[in-house]
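# Coordinate analysis (summary)
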Amino acid sequence: MLVLLAVIGYFAVQHDSNGGGGAPFCVASADPVGGEETSETYEMSPEQAANAATIAAVGVAKGLPDRAVTIALATAMQESALRNLDHGDRDSLGLFQQRPSMGWGSPAQITDPVYSAGIFYDHLVDVPGYSRLPLTVAAQKVQRSGFPQAYAKHEPDATVLTAAFAGGGTLNCGGPAPTGPGDPEKVRADLTRIFGKDGMHTMSAQGGQTGQAGRNTGGGQVAPEAEVTLTEKKNGGEDATRRSRAMAHWAVAHSKAMGISRVSYGRHGWIAGKDRGRWQDKGGTGTKDGAKDPHYAGPGEVRIFMAR
């Protein structure tokens, strides 16, 4: 018993260390950014979080409802545990264990999370009344699995993930800060591939490979990091806001793999390796005047900063 308590205590310290020096981890919650964790949570690795974020972002980019995102996430949780597998039953591959021999695409396409999520949604929306069906029935009509009831057990956790990535919830990711530089052009290219030219945002990358600093916020200070900035266009409404939330949490989920050091959105900020991986007020600095914070995000802005 003493050994068990010691092990539990060790992992608690690792997850709760302010410096973020423990093993990388991500926690999704239905609670809003900056709020206390009072609802159900779901913990996963950075790899799983990045794949879940991509699945959700593709659904949001297609303008699909939360129910579609939940069905897709639950399906991938059952098929691959949110891992992009290079193996499976017979020729099954990827997040959704899709089969080239059954017309889902080439192996390279199926193991591309953006493609595999997109073609799953394309098949899902062809199911009449899918949003009103039990989740396991809707998923089975797409997947045609030998275990059609297996998807149901993932619905509660998939609902939490949907809230975090596509709704009003939160994704917090802790662990060490990136050790290598990030590439803003790569981030911009990936976001453009998912969201396309949605007509709801403008997107710019500043700094780039040259190592130049980001933009001046108007408070007399310039962020030292290269960055990607996404700004909602006027009259975008809730659809634009939903996309902004998905973009911000996509960036947090991909921070380890893509060298992202900070994300600012909606008067809150996330900093890699700090604050136990949780979002903080005012761009993450806690300054009284957010506009003077060089990492501050204005209304309708998502600012993604690269590690240097």
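Anything mentioned here points back to the structure above.
Residues numbered from 1 in each chain as written. Predicted model: local features only at pLDDT ≥ 70, side-chain atom pairs only at ≥ 80, totals over all residues. Heavy atoms only, no water.

## Focus on the overall build of the protein chain
Threshold: Secondary structure elements are defined from DSSP: runs of H or I of at least 4 residues count as helices, runs of E of at least 2 residues count as strands, and each element is numbered from the N terminus. In this description, accessible areas are obtained by the Shrake-Rupley approach with a 1.4 Å probe, and a residue is regarded as covered only by the protein chains that are shown.
A tally of helices and strands in the protein chain yields 10 helices and 9 strands. Approximately 13900 Å² of the protein chain is accessible, and the part contributed by carbon and sulfur atoms is 53%.

## Considerations on the layout of surface pockets
The condition that has to hold: Of the grid points, spaced at 1 Å and generated over the protein atoms alone, those admitting a 1.4 Å probe that cannot get out make up cavities, while open sets with protein on both sides within 12 Å along at least five of seven lines make up pockets; any residue with an atom within 4 Å of a point is treated as lining. Grid points are joined across faces, edges and corners, and a volume is the space filled by probe spheres set on the points. Residues were grouped as follows: Ala, Val, Leu, Ile, Met, Phe, Trp, Tyr, Cys and Pro as nonpolar; Asp, Glu, Lys and Arg as charged; and all remaining residues, including Gly, as polar.
Estimates place the volume of the largest pocket at around 650 Å³. Along the wall of the largest pocket there are 23 residues; nearest its centre are Glu79, Gln97, Gln143, Arg144 and Ser145. Examining the composition of the lining of the largest pocket, we find that 3 residues originate from one element, helix 6 (residues 135–143), more than from any other. Considering only residue class, the lining of the largest pocket consists of 7 nonpolar, 10 polar and 6 charged. The space that makes up the second largest pocket amounts to roughly 250 Å³. Along the wall of the second largest pocket there are 14 residues; nearest its centre are Gly34, Gly35, Glu36, Arg278 and Trp279. For the lining of the second largest pocket, the secondary structure elements donating two or more residues are strand 3 (170–174) and strand 8 (280–281). Class assignment for the residues of the lining of the second largest pocket results in 3 nonpolar, 6 polar and 5 charged.

## What about the sheet that holds strand 1 (residues 25–29)?
Convention followed: The pairing criterion for strands is at least two bridges between them, as found by DSSP. Working convention: axes come from line fits to C-alpha atoms, limited for helices to the stretch in contact. Angles between N-to-C directions cover 0 to 180 degrees. Residues count as neighbours in contact if any of their non-hydrogen atoms are within 4.5 Å of one another.
Spatially, 2-1-3 is the arrangement adopted by the 3 strands of the open sheet, whose pairing is antiparallel. For this open sheet the edge positions go to strand 2 (41–44) and strand 3, each flanked by a neighbour on one side alone. Ignoring strand direction, the axes of neighbouring strands in this sheet form an average angle of 20°. In this sheet, strand 2 lies alongside strand 1 in antiparallel orientation, the contact comprising 4 bridges. Bridge assignment links Cys26 to a residue of strand 2, and that residue is Met44. Sitting on the sheet, helix 7 (residues 155–166) is in contact with strand 1, strand 2 and strand 3, with an inclination near 85° to strand 2.

## Some details on helix 9 (residues 237–253)
Residues spaced three or four apart along an α-helix point in a common direction, a consequence of the helix completing one turn every 3.6 residues. We apply this condition: In a helix, the anticipated span is given by 1.5 Å times the number of residues less one. Only protein chains enter the accessibility calculation, which uses a 1.4 Å probe. A residue is then buried if its area is under 20% of the maximum for its type, exposed if over 50%, and partly exposed in between.
The end-to-end C-alpha separation of helix 9 is 25 Å, in line with the 24 Å expected for 17 residues at 1.5 Å each. Most of helix 9 is tucked away: 13 of the 17 residues are buried.

## Some remarks on the side chain of Arg245
Note on placement: Arg245 falls in helix 9. Judged by its relative accessible area of 18%, Arg245 falls in the buried class. Every residue in contact with Arg245, bar those within four places of it in the chain, is listed here: Phe165, Ala166, Gly167, Gly168, Glu238 and Tyr265.

## Brief notes about the pattern of salt bridges
Note the cut-off: Salt bridge criterion: a side-chain nitrogen from Lys or Arg within 4 Å of a carboxyl oxygen from Asp or Glu.
Following the criterion strictly, the structure yields 11 salt bridges and no others. Two residues, Asp122 and Lys62, come together in a salt bridge whose shortest N-O distance is 3.0 Å. Within this pair, whereas Asp122 is found in helix 5 (residues 113–124), its partner Lys62 is found in the loop between helix 2 (46–61) and helix 3 (66–80), the two being separated by 60 residues in sequence. The partly exposed category is assigned to Asp122, whose relative accessible area is 38%. Residue classification places Lys62 among the partly exposed positions, given a relative accessible area of 39%. In this structure, the salt-bridge partner of Asp91 is Arg99, at a minimum N-O distance of 2.5 Å. For Asp91, a relative accessible area of 23% translates into the label partly exposed.

## Focus on the packing of helix 7 against helix 9
Rule in force here: By the definition adopted for this analysis, an angle is roughly parallel if under 35 degrees, roughly antiparallel if over 145, roughly perpendicular if from 65 to 115, and oblique otherwise.
Packing of helix 7 against helix 9 leaves a shortest axis separation of 7 Å and a crossing angle of 105°. Classified by the angle between their axes, helix 7 and helix 9 sit roughly perpendicular to one another. Residues Ala164, Phe165 and Ala166 of helix 7 form the contact with helix 9, whose participating residues are Arg242, Arg245, Ala246, His249 and Ala253. Here the residues of the contact of helix 7 with helix 9 sort into 5 nonpolar, 1 polar and 2 charged.

## A look at the environment of Gly35
For Gly35, the location among the structural elements is in the loop between strand 1 and strand 2. Sequence spacing of Gly35 and Trp279 is 244 residues, and the spatial spacing of their C-alpha atoms is 9.0 Å.

## A short note on helix 2
Helix length check: helix 2 (16 residues) gives 22 Å between terminal C-alpha atoms against 22 Å at 1.5 Å per residue, within 8%. The buried fraction of helix 2 is high, at 15 of 16 residues. Just downstream of helix 2, Gly63 is the residue with a positive phi angle, here 75°.

## Description of unusual backbone geometry
Of note, the phi angle at Arg267 is positive, near 65°, even though the residue is not glycine. Take Arg267: it is sitting in the loop between strand 6 (260–265) and strand 7 (268–271). Even without glycine at this site, Arg276 takes up a positive phi of about 60°. With respect to the secondary-structure elements, Arg276 resides in the loop between strand 7 and strand 8. Residue class for Arg276 comes out partly exposed when judged on its relative accessible area of 31%.

The values are spatial; any link to function lies outside them.
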